[in-house]
Amino acid sequence: MNLIVAVDQNWAIGKDNDLLVSIPNDKKTFRQMTTGRVVVMGRKTLESFPGGLPLKNRTNIVLTRNRDYHVKDAVIVHDLGELFNELEKYDTNDVYVIGGEQIYRLLLPYCDVAHLTKIEHAYEADTYFPNLDDLPEWKVTAVSEEQTYFDLEYHFVKYEKTLL
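Residues numbered from 1 in each chain as written. Predicted model: local features only at pLDDT ≥ 70, side-chain atom pairs only at ≥ 80, totals over all residues. Heavy atoms only, no water.

Asks: Just checking my understanding: could you explain the side chain of D8 for this structure?
Replies: Locating D8 in the fold gives a position in the loop between β1 (2–7) and β2 (12–15). Put simply, D8 is tucked away with no salt bridge, and the nearest opposite charge, on K118, sits 10.0 Å away. At 2.7 Å, the side chain of D8 forms a polar contact with the backbone nitrogen of N10. For D8, the side chain forms a polar contact with the main-chain nitrogen of A12, separated by 2.9 Å. With residues up to four places along the chain from it excluded, the contact list for D8 reads L20, I119, H121, A122 and Y123. (Helix = DSSP H or I, 4+ residues; strand = E, 2+ residues; numbered from the N terminus. Buried < 20%, exposed > 50% of the residue type's maximum accessible area, 1.4 Å probe, protein only. Lys, Arg positive; Asp, Glu negative; His and termini not counted. Salt bridge = Lys/Arg side-chain N within 4 Å of Asp/Glu carboxyl O. Polar contact = N/O pair within 3.5 Å; in protein donor to acceptor, adjacent residues only side chain to side chain. Contact = heavy atoms within 4.5 Å.)

Next comes the structure, spelled out in structure tokens:
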């Protein structure tokens, strides 16, 4: 299973249920990697999308404890057992965890590949991603050339879980 996230230099990912910054090339990369695949997210992440609607051309799976929660064109699951039963239908290489913080922390142990956009800036934030550089089982396996968006510098970084 994969995950995909944009982090700032402090591993922050969001504020007030929104992304820290909108970088067109980051959004394009996200679309290219997840279109036609399965995205797993929490309820708050889904509700942060335009109109609170699932992403087009993807299988959207929403993990929420709220048993009364329903969204058109999304699969709703309520615990890890239900989630993993649903994910058995798909190739694990086609599954992308897309947030938010609680979902990333819950599912990180089950992921093998992490696709990060690492932004060279510190934002005011209230949600964070675990610092993979502090976790010995995660290793950087690819780093893009430096990218820029106006005066913002960032890299696309691929981490893979290694056997210790």
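Okay, back to it.
Asks: Even after reading the chapter, I still don't get the packing of aromatic side chains, so can you show me in this structure?
Replies: Both the distance between ring centres and the angle between the ring planes are used here to describe each pair of aromatic rings. Applying the stated criterion across every chain yields a total of 6 aromatic pairs. Both rings, one in Y104 and one in F129, keep their centres 5.0 Å apart while their planes meet at 80°; by these two values the pair is edge-to-face. Taken together, the positions of Y104 in helix α4 (residues 101–107) and F129 in the loop between β9 (127–128) and β10 (138–143) put the pair 25 residues apart, joining distant regions of the chain. F129 carries the same exposure label as Y104, and that label is buried. Feature note: the residues W11, Y104, F129 and Y159 constitute an aromatic cluster, connected by ring pairs. (Phe/Tyr/Trp six-rings, centres within 6.5 Å; stacked < 30°, edge-to-face > 60°.)

Asks: Hey, could you run me through a negative patch on the surface in this one?
Replies: Together, E120, E146, D151 and E153 make up a region of like negative charge exposed at the surface. Position of E120 relative to the elements: it lies in the loop between β8 (113–119) and β9. (Patch = residues over 30% accessible without salt bridge, like charges linked within 9 Å, V, L, I, M, F, W, Y side chains within 5 Å. Areas by Shrake-Rupley, 256 points an atom, 1.4 Å probe, with all protein chains shown as cover. Charge placed at Lys NZ, Arg CZ, Asp CG, Glu CD.)

Asks: What exactly am I supposed to notice about the sheet that holds β9 here?
Replies: Backbone hydrogen bonds are what pair the strands of a sheet, in a parallel or an antiparallel way. Read from one edge to the other, the open sheet built from 3 strands follows the order β3-β2-β9, with strand pairing classed as antiparallel. The strands lining the two open edges of the sheet, one partner per strand, are β3 (18–19) and β9. (Pairing = 2+ DSSP bridges.)

Asks: How should the pairing of β2 be read in this particular structure?
Replies: For a regular strand, side chains alternate in direction, first toward one face of the sheet and then toward the other. Two strands pair when backbone bridges link them, and β2 and β9 are joined in this way by 2 bridges, in the antiparallel orientation. Looking across to β9, one finds that G14 is bridged to T127. Of the strand pairs in this sheet, β2 and β3 are connected by 2 bridges, and their pairing is antiparallel. Its bridge partner being in β3, G14 is matched across the sheet by L19. Joining the antiparallel neighbours β2 and β3 is a turn of 2 residues, in which D16 adopts a positive phi near 55°.

Asks: Honestly, the pairing of strand β12 (residues 152–161) in this entry has me stumped. Any pointers?
Replies: Relative to β12, β8 runs antiparallel, the two sharing 7 bridges. Each bridged residue has a counterpart across the sheet, and for A114 the counterpart in β12 is Y159. Note that strand β11 (residues 147–149) and β12 share 3 bridges and pair antiparallel. Each bridged residue has a counterpart across the sheet, and for Q147 the counterpart in β12 is Y154. Hairpin remark: β11 followed by β12, antiparallel, with 2 residues in the connecting loop; positive phi at F150, about 55°.

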